[in-house]
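Spelled out, the chains give:
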Amino acid sequence: MPITPLHLGLMAPINHFKPGKVSNVAFVLANLWLDAEFIKAWLFNMPLPSHNNHNFVNATVAALLVCVLGLSSRKPFLPNKAWVVGAFLGSYTHILLDMLVHADVHPLWPLMDSNPFYMGWMQPLSLVLLVLCVWLTAQYVSGGLGRMRKRWEAFLGQKTEP
């Protein structure tokens, strides 16, 4: 299984149509958590593990762990709603995408030790997600440039006409 940022492309339409409702950081952390074994194998030149950890049980655990990372140090000591939505959306969409393209994923473990959802859609799904990743990158660049412009204007003490 290749380690790709394509899972993150799903954030593009979410950011566009519901800005601020889903935490991008929580979404990314949940995706990274689920692929941590594969990342470790890639970094340290180890044999690739199986996809046995790619199931909805482990996705729920990953989302809960990411929620714990988002706990506030102020009362009421809870992560905000966008953080929780990002954690669960990131982990569940990761499983949903992988179960369509990897035959060795067992999304319904422990109920089933197989993947009835496998479609072999690696190429078409990857192309769609690639377009979404480009859109997400454009959103991040545009947002970063907008923040830089505001800081520059504040530094100069003037507002420029659009």
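Residues numbered from 1 in each chain as written. Predicted model: local features only at pLDDT ≥ 70, side-chain atom pairs only at ≥ 80, totals over all residues. Heavy atoms only, no water.

1. Considering the packing of aromatic side chains
- In this structure the tally under the stated criterion is three aromatic pairs.
- Ring centres of F88 and Y92 lie 5.8 Å apart, and the angle between their planes is 55°; this geometry places the pair in the tilted category. Linking F88 with Y92, this pair stays in helix α5 (residues 81–101), spanning four residues, or about one helical turn.
- Under the relative-accessibility criterion, Y92 is labelled partly exposed at 28%. (Phe/Tyr/Trp six-rings, centres within 6.5 Å; stacked < 30°, edge-to-face > 60°. Helix = DSSP H or I, 4+ residues; strand = E, 2+ residues; numbered from the N terminus. Buried < 20%, exposed > 50% of the residue type's maximum accessible area, 1.4 Å probe, protein only.)

2. Re the environment of C67
- On the secondary structure map, C67 appears in helix α4 (residues 56–69).
- Among the residues examined, C67 registers a relative accessible area of 9% and is labelled buried.
- Between the C-alpha atoms of C67 and V57, which are ten residues apart in sequence, the distance is 15 Å.
- With residues up to four places along the chain from it excluded, the contact list for C67 reads P79, W83, V84, A87 and F88. (Contact = heavy atoms within 4.5 Å.)

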